[in-house]
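Analysis of the macromolecular model
Residue-level listing of the chains:
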Amino acid sequence: MRIANTISDSIVDGPGLRLTVFTQGCSHNCPGCHNPDTHDPAGGREASIEELAALLDHNPLLTGLTLSGGDPFQQADACAALAKQAHARGLNVWTYTGYTYEQLTSAAQPDWTALLDQTDVLVDGPFVQAHKSYEARFRGSTNQRLIDVPASRRAGRPILWTEKDPLTHFSVPES
Ligand code: SF4
């Protein structure tokens, strides 16, 4: 797959300590995008699934893998394969995308379905400058949703993710 870069100890792309893989290639062209260098699908560099999966083993404190971009759904098969490696290691998978959950689920596109199958939380929708927020956790603009993918697929509609408080185990609503 083509990637822009990786961060091996992110604490801003989902809960806990995460390996974040920034995929290369995005056609959404959101005005105000923070990662314009990731748009060109020919940019970045090639990285094998094996190379990236090995990064999952480097830090025993990792709690999850985050696929960001770029748009991971524009390399969905490769991202699904990497996400599967993360799940095999007991890690959760968060995927960022400029598509909405409804677009992804209504397209009946096998590679998109494969990546949804391997995604625990989807941060969906384009970045919208008018809704930019520094307070919205794990996302750049408030139109973007943190979607619990398995629960949403069971319900047949988007269900928002809520974080469990590690002390009480009760859900904490997202702002
Ligand atoms: S989807 Fe993300 S990477 Fe792509 S243009 Fe929008 S903000 Fe930038």
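Read on for an overview of the structure. (Residues numbered from 1 in each chain as written. Predicted model: local features only at pLDDT ≥ 70, side-chain atom pairs only at ≥ 80, totals over all residues. Heavy atoms only, no water.)

Let's talk about the side chain of Thr-66
How we decide: Here a strand is any run of E in DSSP of at least two residues, a helix any run of H or I of at least four, and the numbering for each starts at the N terminus. Any pair of N or O atoms that falls within 3.5 Å is considered a polar contact. Within protein, one atom must be able to donate a hydrogen and the other to accept it, and sequence-neighbouring residues count only if both atoms are side-chain atoms. It only takes one pair of heavy atoms within 4.5 Å for two residues to be counted as in contact.
With respect to the secondary-structure elements, Thr-66 resides in strand 4 (residues 64-68). One polar contact links the side chain of Thr-66 to the main-chain carbonyl oxygen of Asp-13, over a distance of 2.7 Å. Apart from the residues within four sequence positions on either side, Thr-66 is in contact with Asp-13, Arg-18, Leu-19, Thr-20, Val-21, Trp-94 and Tyr-96.

Details of the environment of Pro-126
Structurally, the position occupied by Pro-126 is in the loop between strand 6 (121-124) and strand 7 (145-148). Once residues within four sequence positions are removed from consideration, Pro-126 is found in contact with Cys-30, Gly-98, Ser-141, Asn-143 and Gln-144.

Structural notes on the pairing of strand 5 (residues 92-96)
Here is the rule: For the exposure calls, accessible area comes from a 1.4 Å probe over protein chains only, and a residue counts as buried if that area is under 20% of its type's maximum, exposed if over 50%, partly exposed in between. By the convention used here, strands pair only if DSSP detects at least 2 bridges between them. A clockwise path from the first strand over the helix to the second, with the strands pointing away from the viewer, defines a right-handed crossover.
Counting buried positions along strand 5 gives four out of five residues, so the element sits mostly inside the fold. Note: strand 4 against strand 5, four bridges, orientation parallel. Bridge pairing in strand 5 links Leu-67 to Thr-95. This β-α-β element, strand 4 to helix 2 (residues 76-88) to strand 5, shows right-handed connectivity. Here strand 5 runs beside strand 6; their pairing, made up of three bridges, is parallel.

Looking at the site of the ligand
Rules: One heavy atom within 4 Å of a molecule or strand makes the whole residue count as near it. Amino acid classes used here: Ala, Val, Leu, Ile, Met, Phe, Trp, Tyr, Cys and Pro are nonpolar; Asp, Glu, Lys and Arg are charged; the rest, including Gly, are polar.
Around the ligand, the structure places Cys-26, His-28, Asn-29, Cys-30, Cys-33, His-39, Gly-70, Gly-98 and Phe-127. Classifying every residue of the shell around the ligand gives four nonpolar, five polar and no charged.

Some thoughts on the pattern of salt bridges
What counts, and what does not: A carboxyl oxygen of Asp or Glu within 4 Å of a side-chain nitrogen of Lys or Arg is what we treat as a salt bridge.
A complete count under the given rule lists seven salt bridges for this structure. Between Arg-45 and Glu-51 there is a salt bridge, with its nearest N and O atoms 2.8 Å apart. Residue classification places Arg-45 among the partly exposed positions, given a relative accessible area of 37%. In this structure, Asp-57 engages Arg-89 in a salt bridge whose closest nitrogen and oxygen atoms are separated by 2.7 Å. Of this pair, Asp-57 sits in helix 1 (residues 49-58) while Arg-89 sits in the loop between helix 2 and strand 5, and the two are 32 residues apart along the sequence. Among the residues examined, Asp-57 registers a relative accessible area of 47% and is labelled partly exposed. Overlapping salt bridges bring together Glu-102, Asp-124 and Arg-145 as one network.

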